[in-house]
Every structure is written in C-alpha cells, then in structure tokens.
Amino acid sequence: MSHGHGHGHGGHGGHGAAEQNRRRLAAALAVTATVLVAEAVGAFVSGSLALLADAGHMLTDVAGLVIALIAATLAARPASAQRTWGYRRAEVLAATLQAAALLAIGVFVLVEGVRRLLEPPEVHSGAMLTFGVIGLLGNVIALWLLLRGGGERNVNVRAAILEVVNDGLGSVAVIVAAGVIALTGWTRADALVSLLIGVLIVPRTLGLLRETTAVLLESTPPGLDLEDVRRHLLELPHVHAVHDLHASQITSGLPVLSAHVVLDESCFRDGHAPEILDRLQECVAEHFPVAVEHATFQLEPVGHSGHETSTHD
C-alpha cells in the first residue's frame, strides 16, 4: 500500500507575477529597440566603431529580450495532461540562451578590446558622446522597468536585466572613451574601457549559466541539504527509512521533492499513515531554508522493500 501527497500554491498570485514580468519585458524591449536604432544612426553619422559595437551589443539585447518575452508568455500557459508543469521551464531555457549569447558578447569585447589596443580606430568623439548618453538613458529606463516590483527574483527577468546592464556598461564605455579622446586625443582609451567591460560581463554570465544549467540537469536546489532532509524525516515517529529521495527545480523559485518513506506496519492498519504524511509535508515545507511546497511521498510498510525492483539512496 502506498500514499502520495503534494501541495500546490501560486494560483492567481503566480499568474499576476507572470503578467507583470511580461509587461516589464515588453516595455524594456520597446525602449531597447528604440535606442538600438538611435545608436545605429549615430554610428553611421560619426563613423565610430565603438558606437557600432555598442549597437551590436544592443541588437543582441533586443534578441535576448524577444526570447525572454516569448518564454514568459509560454510560461503563463496552463498545464495539460501532456505538459503537467505547463511551459514553466521555458523561462530557464530562454535564460540559458541569453546567458550563452552574453558570454559570446563578453568574449567578443575582450578580443575586440585587444585588437583596438593594438590598432586604435579613428573616431569622432562628439557624436560618440551624444549617442553614448542617449544609449545610457535608454538602458537606465529599461533597467528601471525590469526592476519594478521585484522582477529580479525571476531567472528569466534576471537574464534580461543582465542583458540591459551589459549594454549599459557599453554605453558608459562609449561615454568615457569619447570624453578621454575629446580631451587628450588618446584613442586607446576606447580599447581599455572595452576590456574592463569584458572582465565585468564574463564572470556574471558564467554564474547565470551555472544556475540555469543546474536547473536543466535537475540538480538539488542550492541551499537544500538532502542529507539534512533525510535526517529530519527519520526523526519523525514510526519512520524506519527514507530512500529514493530526490529534489530538483522546475524553474526558479519552484523546487520539488519526492521520497519513499518506510513506516511501521501498524500505521497502515490503525489509520496513522495520513497523520504522518501531513507531518512529512510540513517538515519539508517549513523546516528548511528552501521551502518545498510541491512534495510527493510514497509511504511503504516495512515488508514492502522486497517488492521493489530497485531503490536509490
């Protein structure tokens, strides 16, 4: 005899947060696309390679925001018998694609920065400064839109925020380089600032990639110690053993856990099993740093182990 039990929360609050995320992403996309056009025009007018590179960064940001917006829309679709979690993991897939694109940008910035250090291009600092400021203002507006209401807690929005911050750094680099070139004529300033941006981009992007890859590989959620979970479950009355204990994340902020729990034979005769099931559920939902509200427990009598084909710790 076995019992399964799980709690589900989120409901209207989850849908409301998803809708807010979509609105933030759409607004940030509109601002970023507008600035992209402005910087492309500025690069053409000034002949600035730095502005052209920053417009290229912005183009990647626009593509990333489009991916994020599509993913946020898919994530809001309801679950079905074929997709029991709906499209919640689409957010993680989109964030992984964005992080990979950002990593490519970071590497490009480093390589291009070295090239410019060796062969500094000729630029018109006045147009650089003007359109660099326009770009920075656009990035600040887009960042404000994405950060409103705590959107940074969502991994998909966080990836989009990194995209915007990355381009904001590019705009700052254009402004700083334009100022130095205008005052001193030292064109290698553009290359040095670009190298600094690359150094800032790569570590943050690698961190995001590690996080999203861990979700896709169904690793244990950070901060949740499964051995600690096992110890606490074993401390409950009538619990003899815990095996096949697994935990992972469907997407950011949605951890799940499952386990087989071996109980006294008498628990299945005297009606005590449902009470133990409630205590197991409360334990994983309230006791640990990572609250797991979606948990499934299979309750087994002591003599059941011989009927299982295989078990895992």
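On to empty space enclosed by the protein, then. All told, the structure shown has two cavities of 30 Å³ or more when counted by the stated rule. Approximately 130 Å³ is the volume attributed to the largest cavity. Lining the largest cavity we find 14 residues, and of these Ala 50, Ala 53, His 57, Arg 116 and Ser 194 sit closest to its centre. Going through the elements one at a time, α2 (49-75), α3 (90-118), α5 (155-184) and α6 (188-216) are the ones with two or more residues in the lining of the largest cavity. Partitioning the lining of the largest cavity into residue classes produces seven nonpolar, three polar and four charged. Approximately 50 Å³ is the volume found for the second largest cavity. Along its surface, the second largest cavity is lined by Leu 102, Leu 162, Val 165, Asn 166, Leu 169, Leu 200, Ile 201, Arg 204 and Thr 205. Elements that contribute at least two residues to the lining of the second largest cavity include exactly α5 and α6. A breakdown of the residues in the lining of the second largest cavity according to their chemical character gives six nonpolar, two polar and one charged.

Time to look at the packing of helix α7 (residues 226-234) against helix α8 (residues 273-286). Where α7 contacts α8, the axes come no closer than 10 Å and their chain directions differ by 145°. Two packed elements cross with a definite hand, and for α7 against α8 that hand is right-handed. Together, Val 229, His 232 and Leu 233 of α7 and Leu 280, Cys 283 and Val 284 of α8 make up the contact between the two elements. By residue class, the composition of the contact of α7 with α8 is five nonpolar, one polar and no charged.

Our next topic: the pattern of salt bridges. The final tally for this structure, using the stated rule, is five salt bridges. The closest approach of N and O atoms between Arg 89 and Glu 218, which form a salt bridge, is 3.8 Å. Pair noted here: Arg 89 is in the loop between α2 and α3 and Glu 218 is in the loop between α6 and α7, with a separation of 129 residues, a long-range link. A relative accessible area of 21% means that Arg 89 is categorised as partly exposed. In this structure, Arg 231 engages Asp 228 in a salt bridge whose closest nitrogen and oxygen atoms are separated by 3.6 Å. Taken as a pair, Arg 231 and Asp 228 lie in helix α7 at a separation of three residues, close to a single helical turn. Exposure remark for Arg 231: the relative accessible area of 46% places this residue in the partly exposed category.

On to the nonpolar core. One finds Val 229, Leu 257, Val 284, Phe 297 and Leu 299 to be the most contacted residues of the largest nonpolar core, which totals 27 residues. Of all the secondary-structure elements, those providing two or more residues to this core are α7, β1 (239-249), β2 (255-263), α8 and β3 (294-301). In terms of residue count, α8 provides more of this core than any other element does, six residues in total. Ignoring sequence-local partners within four residues, the contact set of Leu 257 consists of Leu 226, Val 229, Leu 245, His 246, Ala 247, Val 284, Val 292, His 294, Ala 295, Thr 296 and Phe 297. In this structure, Leu 25, Val 62, Ala 68 and Ala 160 belong to the second largest nonpolar core, which totals 19 residues.

Let us look at a nonpolar patch on the surface. A cluster of nonpolar residues, Val 37, Val 41, Phe 44 and Val 45, forms a patch on the protein surface that exposes about 440 Å² of accessible area. On the secondary structure map, Val 45 appears in helix α1 (residues 11-46).

This part is about α7. Along α7, the residues classified as buried are Leu 226, Val 229, Arg 230, His 232 and Leu 233. Along the long axis of α7, the arc covered by the buried residues comes to 165°, so they all point the same way. The secondary structure elements touched by the buried residues of α7 are β1, β2, α8 and β3. At the N-terminal boundary of α7, the capping side chain belongs to Asp 225, with an oxygen 3.0 Å from the backbone nitrogen of Glu 227.

Below, the discussion takes up the environment of Ile 197. If you trace the backbone, Ile 197 turns up in helix α6. When its relative accessible area of 7% is taken as the criterion, Ile 197 is described as buried. Sequence spacing of Ile 197 and Gly 106 is 91 residues, and the spatial spacing of their C-alpha atoms is 7.7 Å.

Packed helix pairs are characterised by how far apart their axes lie and by the angle those axes make with each other. Between α3 and α6, the shortest axis-to-axis distance is 7 Å and the interhelical angle comes to 155°. The angle between α3 and α6 falls in the class roughly antiparallel. Crossing of α3 over α6 shows left-handed handedness. Taken together, the residues of the contact of α3 with α6 sort by class into 25 nonpolar, seven polar and three charged.

One open sheet holds the three strands; their spatial order is β1-β2-β3, and the pairing between them is mixed. The strands lining the two open edges of the sheet, one partner per strand, are β1 and β3. Across this sheet, the average inter-strand angle for adjacent strands is 15°, counted without regard to direction. Seen against the sheet, α8 touches β1, β2 and β3 and runs at an angle of roughly 145° to β3.

Rules of the game
Residues numbered from 1 in each chain as written. Predicted model: local features only at pLDDT ≥ 70, side-chain atom pairs only at ≥ 80, totals over all residues. Heavy atoms only, no water. 1 Å grid on protein atoms, 1.4 Å probe; cavity = no way out; pocket = protein on both sides within 12 Å on 5 of 7 lines; lining within 4 Å. Points joined across faces, edges and corners; volume = space filled by probe spheres on them. Helix = DSSP H or I, 4+ residues; strand = E, 2+ residues; numbered from the N terminus. Nonpolar A, V, L, I, M, F, W, Y, C, P; charged D, E, K, R; others polar. Axes fitted to C-alpha atoms, helices over the stretch in contact; angles between N-to-C directions. Left-handed = near helix turned anticlockwise from the far one by under 90°. Contact = heavy atoms within 4.5 Å. Salt bridge = Lys/Arg side-chain N within 4 Å of Asp/Glu carboxyl O. Buried < 20%, exposed > 50% of the residue type's maximum accessible area, 1.4 Å probe, protein only. Core = buried A, V, L, I, M, F, W, Y, C linked by side-chain atoms within 4.5 Å. Patch = residues over 30% accessible without salt bridge, like charges linked within 9 Å, V, L, I, M, F, W, Y side chains within 5 Å. Areas by Shrake-Rupley, 256 points an atom, 1.4 Å probe, with all protein chains shown as cover. Arc of directions from axis to C-beta. Polar contact = N/O pair within 3.5 Å; in protein donor to acceptor, adjacent residues only side chain to side chain. Parallel < 35°, antiparallel > 145°, perpendicular 65-115°, else oblique. Pairing = 2+ DSSP bridges.

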